[in-house]
Every structure is written in structure tokens, then in C-alpha cells.
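# Descriptive structure summary
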Amino acid sequence: MTQCNFEKRSYFWERSLVMSEKENNLVKTGDQVDLSKYVDGEGGIFSVRQLENIRGWNNIQYGAGLSEKNVNSKKLSMNIATIPAGGVALAHIHEDFEVMIYLLQGSVRHEYGPGCKKSVIHEAGDMIFIEPGIPHEVFNVSDTTEVKAVVARSDASEWENIVPYDRNTED
């Protein structure tokens, strides 16, 4: 890890620890708005055309997306995620749901598994599958380019079933 990325990771980690009592280390940012105002449609077919970032979670920015928060979804959610240049999504676990990602732009390093000791790099055009319960931390490997990805979850609630993970543990 470069000194620059280490310093950024340290900054984000320290920032999240300050807010941990309120947000359990996974910090929501931006206005947590009524997402239904971004939805068009009726009769069982709905769309979101507002793809700009309007909210954030765990150092990742999101548009309105589709979830139980704005459509009648019971088992799925989908969004466009943006990780800023040099950004880090702190270590976490998806409890009881799967995630599929299509990387549109940029490159990320996933550090994963017990203690986040394994590592893999993904680039634009890659499709990624993350099984439930796998600890992982995501690093934008570029200091100049943001990462953009389509993220689909088998959880209509989006973030409520994601828990922080301590990289210093072996489980």
C-alpha cells in the first residue's frame, strides 16, 4: 500500500471512529432524502433517471437507485456507486445477502477474507460476485480517477444488513 493510500485510509478510519457511536462505523452522508421522488412509473414498472450522487454510505456516494425505499422491491436493490479517487470503503460484511457489481470506470482492490489478508484487483469491465458473510474492504487504486460501478444486492433494504468488520480479527 502506498503511503498516500495508507494516509487516506487512516483518515477515513479515524473519521469513522469519531462517528461510530451514531452510525456504527458505517457513516451515511449527504441528505437522506425521500427516494420515492426520483421514481417514475406505475402499474408495476418503475424507473429512476436521476443517476447523480445524492447520498453516501461508508465513503461511497450513491444516486437514488432502486430499493424498498422507493419501489415495491422485496428482495433486490440496485444502484450506481462512486468511490472518490484514493477513497476507501471501510471493511464490512454483507449479512445474509449476495452482491453483484459491474465496474463501469476505474480500478479497485478488494482485500478480503479473515483479517482481509487476501487481495484481488478489478478493473472497468469486470463483473464481481461477493458471497454473503465475506469480510472485505474496497480501495480505489487511483489517486486521480473515481470508480463508478453498478451494484445489485439481494437485499431490498440496501445498507441495513451490512456490519463493520475489524480487520485485526481472524474470523
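Heads up: these notes are all about the structure in this document. (Residues numbered from 1 in each chain as written. Predicted model: local features only at pLDDT ≥ 70, side-chain atom pairs only at ≥ 80, totals over all residues. Heavy atoms only, no water.)

## A word on the pairing of strand 12 (residues 136-140)
The test is simple: We call a residue buried when its accessible area falls under 20% of the maximum for its residue type, exposed when it is over 50%, and partly exposed in between, using a 1.4 Å probe and counting protein chains only. Segments assigned H or I by DSSP are reported as helices when at least four residues long, segments assigned E as strands when at least two residues long, and all are numbered from the N terminus. For two strands to pair, DSSP has to find at least two bridges joining them.
For strand 12, the buried fraction is high: 5 of the 5 residues fall into the buried class. What you see with strand 12 is no split at all: H136, V138 and N140 on one side and E137 and F139 on the other are buried throughout. Direction of pairing for strand 7 (residues 88-94) relative to strand 12: antiparallel, over a ladder of 3 bridges. Across the sheet, the residue bridging to V88 is F139, located in strand 12. As defined by bridge partners, strand 9 (residues 107-112) adjoins strand 12 across 5 bridges and the pair is classed as antiparallel. When the sheet's bridge partners are listed, R109 is paired in strand 12 with F139.

## Here we look at the pairing of strand 7
Burial runs high along strand 7: 7 of the 7 residues are buried. Of the strand pairs in this sheet, strand 7 and strand 14 (residues 162-164) are connected by 3 bridges, and their pairing is antiparallel. Bridge pairing in strand 14 places H92 opposite P164.

## Observations regarding the sheet that holds strand 14
Just so we agree on the cut-off: To obtain each axis, a line is fitted to C-alpha atoms, and for helices this fit is confined to the stretch in contact; angles are then taken between N-to-C directions over 0 to 180 degrees.
Pairing within the open sheet is antiparallel, and its 5 strands lie in the order 10-9-12-7-14. Of all strands in the sheet, those with a lone pairing partner are strand 10 (118-123) and strand 14, marking the two edges. Between one strand axis and the next, the sheet turns by 35° as a mean value, whatever way the strands run.

## Notes on the side chain of S73
Which entries qualify depends on this criterion: We call two N or O atoms a polar contact when they sit within 3.5 Å, provided that within protein one can donate a hydrogen and the other can accept it, with sequence-adjacent residues counted only if both atoms are side-chain atoms. For this analysis, residues touch if any pair of their heavy atoms sits within 4.5 Å.
Its place among the elements puts S73 in the loop between strand 5 (60-62) and strand 6 (77-83). The class of S73 is buried, set by a relative accessible area of 17%. Separated by 2.5 Å, the side chain of S73 and the backbone oxygen of L76 make a polar contact. Those residues in contact with S73, other than ones at most four positions away along the chain, are S67, E68 and A156.

## Concerning the pattern of salt bridges
We apply this condition: Should a side-chain nitrogen of Lys or Arg be within 4 Å of a carboxyl oxygen of Asp or Glu, the pair is scored as a salt bridge.
The final tally for this structure, using the stated rule, is 8 salt bridges. Where K69 meets E158, a salt bridge forms, and the shortest distance between an N and an O atom there is 3.0 Å. Linking K69 in the loop between strand 5 and strand 6 with E158 in the loop between strand 13 (147-153) and strand 14, this pair joins segments that are 89 residues apart in sequence. By relative accessible area, which is 1% here, E158 ends up buried. Measuring nitrogen to oxygen at the nearest pair gives 2.9 Å for the salt bridge that ties R109 to E111. Comparing R109 with E111, the two get one shared label, buried. Three or more residues are tied together by salt bridges with common partners; here these are R55, K69, E158 and E160.

## Brief notes about the packing of aromatic side chains
To be explicit about the condition: The criterion for an aromatic pair is that two Phe, Tyr or Trp rings (for Trp, the six-membered ring) have centres within 6.5 Å, with stacked assigned to planes under 30 degrees apart, edge-to-face to planes over 60 apart and tilted to the rest. Cation placement over rings: the criterion is NZ of Lys or CZ of Arg within 6 Å of the ring centroid and within 35° of the ring normal.
A complete count under the given rule lists 0 aromatic pairs for this structure. Sitting over the ring of F139, R109 keeps its end group 4.4 Å from the ring centre.

## Observations concerning the side chain of H136
Take H136: it is sitting in strand 12. Residue H136 is classed as buried on the basis of its relative accessible area, which comes to 3%. Excluding residues within four positions of it along the chain, H136 makes contact with L90, A91, H92, H94, H110, E111, Y112, C116 and I130.

Coordinates in, geometry out; function isn't part of it.
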